[in-house]
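Below are the chains, spelled out letter by letter.
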Amino acid sequence: MTLFWENGYEATSVRDLTARTGISTSSLYATFGDKYELYGAALDQYRAIEREQFAAFLSVEQPIRPLLAFMFAELIGGLLAADNLGSFTLNAAVEMGGRDATIARRLQEHFDDVCAMLAERLAGAQADGDITTARTPAELARYLLFGVYTLALMAKFYPDREQLNGTAEMILTILDAEAV
């Protein structure tokens, strides 16, 4: 998983995979099929990890605003860490999402799952009167998730904590926005 995460699909060769895993090419093919199937399995493994991370954040019993502010702060801290590889799902979406229907479907399922978890928390916050009801929980969740992945992309080009924090603050203003 880490090799594909570091290099992407196209830049990872079967030779790289056998060197990293320590197994022969024939064993690789016998166990995983081909490089594409192994990439899909690696992406699925990462998707599960990322879903667990989102679920852990969202399970914290705390009002949604400070919870999301904390989540964005943690994300930014992680994105600025020296050993950060970014998001494998974002990398996959950029590299493969527009040209591979199977990968695009896997990513869509992943993003839908994460949005559903977030929408559930947002619905509770709306019911409590803590955030705007001008948008549905699903719309708010998609926007916030878009913001998460935008920050991950921005950090690759603008690794500036102050700028990323400002962007995160702007993203979170959706919780107060009225319908246009």
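Right above here is the structure, for reference.
The following paragraphs examine the structure supplied in this document. (Residues numbered from 1 in each chain as written. Predicted model: local features only at pLDDT ≥ 70, side-chain atom pairs only at ≥ 80, totals over all residues. Heavy atoms only, no water.)

So, the layout of surface pockets
Here comes step 1: Taken as a whole, the largest pocket holds about 500 Å³ of empty space.
Here comes step 2: What lines the largest pocket is a set of 20 residues, among which Tyr46, Glu50, Gln53, Leu75 and Gly86 lie closest to the centre.
Here comes step 3: Elements with a contribution of two residues or more to the lining of the largest pocket: α4 (35–58), α5 (64–79) and α8 (137–157).
Here comes step 4: When residues of the lining of the largest pocket are assigned to their parent elements, the largest contribution, 6 residues, is made by α4.
Here comes step 5: Across the lining of the largest pocket, the residue classes break down as 12 nonpolar, 5 polar and 3 charged. (1 Å grid on protein atoms, 1.4 Å probe; cavity = no way out; pocket = protein on both sides within 12 Å on 5 of 7 lines; lining within 4 Å. Points joined across faces, edges and corners; volume = space filled by probe spheres on them. Helix = DSSP H or I, 4+ residues; strand = E, 2+ residues; numbered from the N terminus. Nonpolar A, V, L, I, M, F, W, Y, C, P; charged D, E, K, R; others polar.)

Looking at α4
Here comes step 1: Given a rise of 1.5 Å per residue, 24 residues ought to cover 34 Å, and the 34 Å separating the end C-alpha atoms of α4 matches this to within 8%.
Here comes step 2: Those residues of α4 that sit buried are Lys35, Leu38, Tyr39, Gly40, Ala42, Leu43, Tyr46, Arg47, Glu50, Phe54 and Leu58. (Expected span 1.5 Å × (residues − 1). Buried < 20%, exposed > 50% of the residue type's maximum accessible area, 1.4 Å probe, protein only.)

Topic: the environment of Arg106
Here comes step 1: Checked against the element boundaries, Arg106 lands in helix α7 (residues 101–127).
Here comes step 2: C-alpha separation for the pair Arg106 and Ala93, spaced 13 residues apart in sequence, amounts to 9.8 Å.
Here comes step 3: If sequence neighbours within four positions are ignored, Arg106 has contacts with Gly40, Leu43, Asp44 and Arg47. (Contact = heavy atoms within 4.5 Å.)

With respect to the pattern of salt bridges
Here comes step 1: Scanning all chains against the criterion turns up 7 salt bridges.
Here comes step 2: The shortest N-O distance in the salt bridge between Glu109 and Arg47 comes to 3.6 Å. Remark: Arg47 occurs in helix α4 and Glu109 occurs in helix α7; sequence separation between them is 62 residues.
Here comes step 3: Note on Glu109: relative accessible area 38%, which makes it partly exposed.
Here comes step 4: The exposure class of Arg47 is buried, given its relative accessible area of 8%.
Here comes step 5: We note a salt bridge from Asp113 to Arg51, for which the minimum N-O separation is 3.9 Å. (Salt bridge = Lys/Arg side-chain N within 4 Å of Asp/Glu carboxyl O.)

Considerations on the nonpolar core
Here comes step 1: Judged by nonpolar contacts, the single largest core of 33 residues is most densely connected at Leu68, Phe72, Leu122, Leu144, Leu151 and Leu175.
Here comes step 2: Mapped by element, the contributors of at least two residues to this core are α4, α5, α7, α8 and α9 (161–172).
Here comes step 3: Counting residues per element, this core draws most heavily on α8, which supplies 10 residues.
Here comes step 4: Residues contacting Leu68, with those up to four places away along its chain left out, are Leu118, Leu122, Leu144, Leu172 and Leu175.
Here comes step 5: Tyr9, Leu38, Tyr39 and Leu107 belong to the second largest nonpolar core, which has 17 residues in total. (Core = buried A, V, L, I, M, F, W, Y, C linked by side-chain atoms within 4.5 Å.)

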